[in-house]
Amino acid sequence: MAPKKSRTRRTRVFPNRRNGHRPPSCMAGRRHSHFFKIILPSSIDGKKLRIPVKFVMEFGDELSDVATLTVPNGHLWQVGLEKGNKEIWFDDGWQDFMEHHSINYGYFLVFRYEGNSKFHVLVFDNTATEIQYPRSKNCKLEDEVDKLKENEMSNSDKLFPKHEVDGGTYVRERFSGTSSKGRLMMSRGRGRAIKAARLLKPKSPWFMAILRPYHIRGTLYVPVGFASKYLSGHPFVKLETCDGKQWRGRCCEHRGGSSKSGKTVGWGQFCRDNKLEEGDVCVFELIKRKPVVLKVSIFHSVDYAVN
């Protein structure tokens, strides 16, 4: 009886490296690797997504603790990778990615691995059609104060200084109400909330945002100047309300129309827990740098709209 031939089988997801050798992290000289995932109820409930085992067996050893996801509109997202039991999951920050892109049950996602823990992601809806996300997402960085022009100033703009005052940066937002009565009430409440917020005069670096729909959906856009000076190199920030409660938000790169790169912070849970609505005003004050903690003072516009 002929002896059985031994079979070579990988037994470890993350092989030992000898003599400092590391598998190449770039994809030069070989085709990009792809995998797809269908969003199931378990993925939504668990707020994380498992990477296919076969992909992990081939590339798991070169994945870092943080993956960079890029969608066709150019936006970059950093998502934590949970590793264990020969499995890897998109975990910390994945829920923010899902919420921002309105990914629901039954959606179909195609991931193209480009090396160095970077993935290009295509999103298909329930009709099997790729979703074309707008590049600006209706929230261009031109709304930032440092891009306001002198000839854009109007009577309503007087509430929004276009320069830094007392170490803080104001973020200009255009009103997008519906009925004339609703616009009047919200504009009145927003204006009063802004005036109340300006009375704070924080001693530490700060910026102010007047909330738009994309904020409520979970994306906080941080002014480029503030982000480059205080958030660079920080994958997370903590948002703290006046009662001392804290929420953690993941920082992601955001590239606008200019060469400068800003930051976004995922804060969907913060918005829900604090019942934030369009027109509300938030002042973000840097009270700690390592780790970054931003104290958030909230001014609900509805509280200022009456009378």
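Residues numbered from 1 in each chain as written. Predicted model: local features only at pLDDT ≥ 70, side-chain atom pairs only at ≥ 80, totals over all residues. Heavy atoms only, no water.

Chemist: Could you give me a rundown of the pattern of salt bridges, with the residues and numbers involved?
Modeler: Overall, the coordinates contain four salt bridges when judged by the stated rule. Its salt-bridge partner being lysine 48, residue glutamate 82 comes within 3.4 Å of it at the nearest N-O pair. Pair noted here: glutamate 82 is in strand β4 (residues 76-84) and lysine 48 is in the loop between α1 (41-46) and β2 (49-50), with a separation of 34 residues, a long-range link. Here lysine 48 falls in the partly exposed class, since its relative accessible area comes to 23%. (Salt bridge = Lys/Arg side-chain N within 4 Å of Asp/Glu carboxyl O. Helix = DSSP H or I, 4+ residues; strand = E, 2+ residues; numbered from the N terminus. Buried < 20%, exposed > 50% of the residue type's maximum accessible area, 1.4 Å probe, protein only.)

Chemist: Now, about a positive patch on the surface: what can you tell me, with residues and values included?
Modeler: Taken together, the side chains of Arg188, Arg192, Lys195, Arg198 and Lys201 define a basic patch exposed on the protein surface. With respect to the helices and strands, the residue lysine 201 is situated in the loop between α4 (180-198) and β9 (206-210). Lysine 201 sits in the exposed class, given a relative accessible area of 53%. (Patch = residues over 30% accessible without salt bridge, like charges linked within 9 Å, V, L, I, M, F, W, Y side chains within 5 Å. Areas by Shrake-Rupley, 256 points an atom, 1.4 Å probe, with all protein chains shown as cover. Lys, Arg positive; Asp, Glu negative; His and termini not counted. Charge placed at Lys NZ, Arg CZ, Asp CG, Glu CD.)

Chemist: Residues and numbers for the packing of aromatic side chains, please.
Modeler: A complete count under the given rule lists 23 aromatic pairs for this structure. Relative to phenylalanine 119, the ring of phenylalanine 90 lies with its centre 5.5 Å away and its plane at 85 degrees, an arrangement referred to as edge-to-face. Of this pair, phenylalanine 90 sits in strand β5 (residues 87-90) while phenylalanine 119 sits in strand β7 (residues 118-124); the two residues are 29 residues apart in sequence, bridging distant segments of the chain. Judged by relative accessible area, which is 0%, phenylalanine 90 ranks as buried. Residues phenylalanine 226 and tyrosine 230 carry aromatic rings whose centres are separated by 4.9 Å and whose planes lie at 55 degrees to one another, so their mutual orientation is tilted. Of this pair, phenylalanine 226 and tyrosine 230 both sit in helix α6 (residues 224-231), separated by four residues, roughly a single helical turn. Aromatic rings pair up to connect Phe35, Phe55, Phe59, Trp77, Phe90, Trp94, Phe97, Phe111, Tyr113 and Phe119 into one cluster. Here the guanidinium or amino end of arginine 248 rests over the ring plane of phenylalanine 236, the centre of that ring lying 3.9 Å away. (Phe/Tyr/Trp six-rings, centres within 6.5 Å; stacked < 30°, edge-to-face > 60°. Lys NZ or Arg CZ within 6 Å of the ring centre and 35° of its normal.)

Chemist: So what about the layout of surface pockets? Which residues, and what values?
Modeler: One water molecule sets the probe size; rolling that probe over the atoms shows where empty space is left. Estimated volume of the largest pocket: approximately 340 Å³. What lines the largest pocket is a set of 20 residues, among which Asp92, Gln95, Asp96, Arg248 and Gln269 lie closest to the centre. At the level of elements, α3 (94-100), β11 (236-240), β12 (246-255) and α7 (268-273) are the ones that each hand at least two residues to the lining of the largest pocket. Looking at side-chain class alone, the lining of the largest pocket contains six nonpolar, six polar and eight charged residues. (1 Å grid on protein atoms, 1.4 Å probe; cavity = no way out; pocket = protein on both sides within 12 Å on 5 of 7 lines; lining within 4 Å. Points joined across faces, edges and corners; volume = space filled by probe spheres on them. Nonpolar A, V, L, I, M, F, W, Y, C, P; charged D, E, K, R; others polar.)

Chemist: Hey, could you go over the environment of tyrosine 304 for me, with residue numbers and the actual values?
Modeler: Here tyrosine 304 is to be found in helix α8 (residues 302-305). Under the relative-accessibility criterion, tyrosine 304 is labelled partly exposed at 26%. What tyrosine 304 contacts, discounting residues up to four positions off in sequence, is Arg188, Gly189, Arg192, Ala193, Ala196 and Phe299. (Contact = heavy atoms within 4.5 Å.)

Chemist: Just give me the short version of the nonpolar core, but keep the residues and values in it.
Modeler: Ranked by internal contacts, the top residues of the largest apolar core, which has 29 residues, are Leu69, Phe90, Trp94, Ile103, Leu109, Phe111 and Phe119. Counting only elements with at least two residues in this core, the list comes to α2 (53-59), β3 (66-70), β4, β5, α3, β6 (108-113) and β7. Setting aside residues no more than four positions away along its own chain, leucine 69 makes contact with His75, Leu76, Trp77, Val79, Phe90, Trp94, Phe97, Phe119 and Val121. Grouped together as the second largest cluster of nonpolar side chains are 24 residues, Ala209, Ala227, Leu231 and Cys271 included. (Core = buried A, V, L, I, M, F, W, Y, C linked by side-chain atoms within 4.5 Å.)

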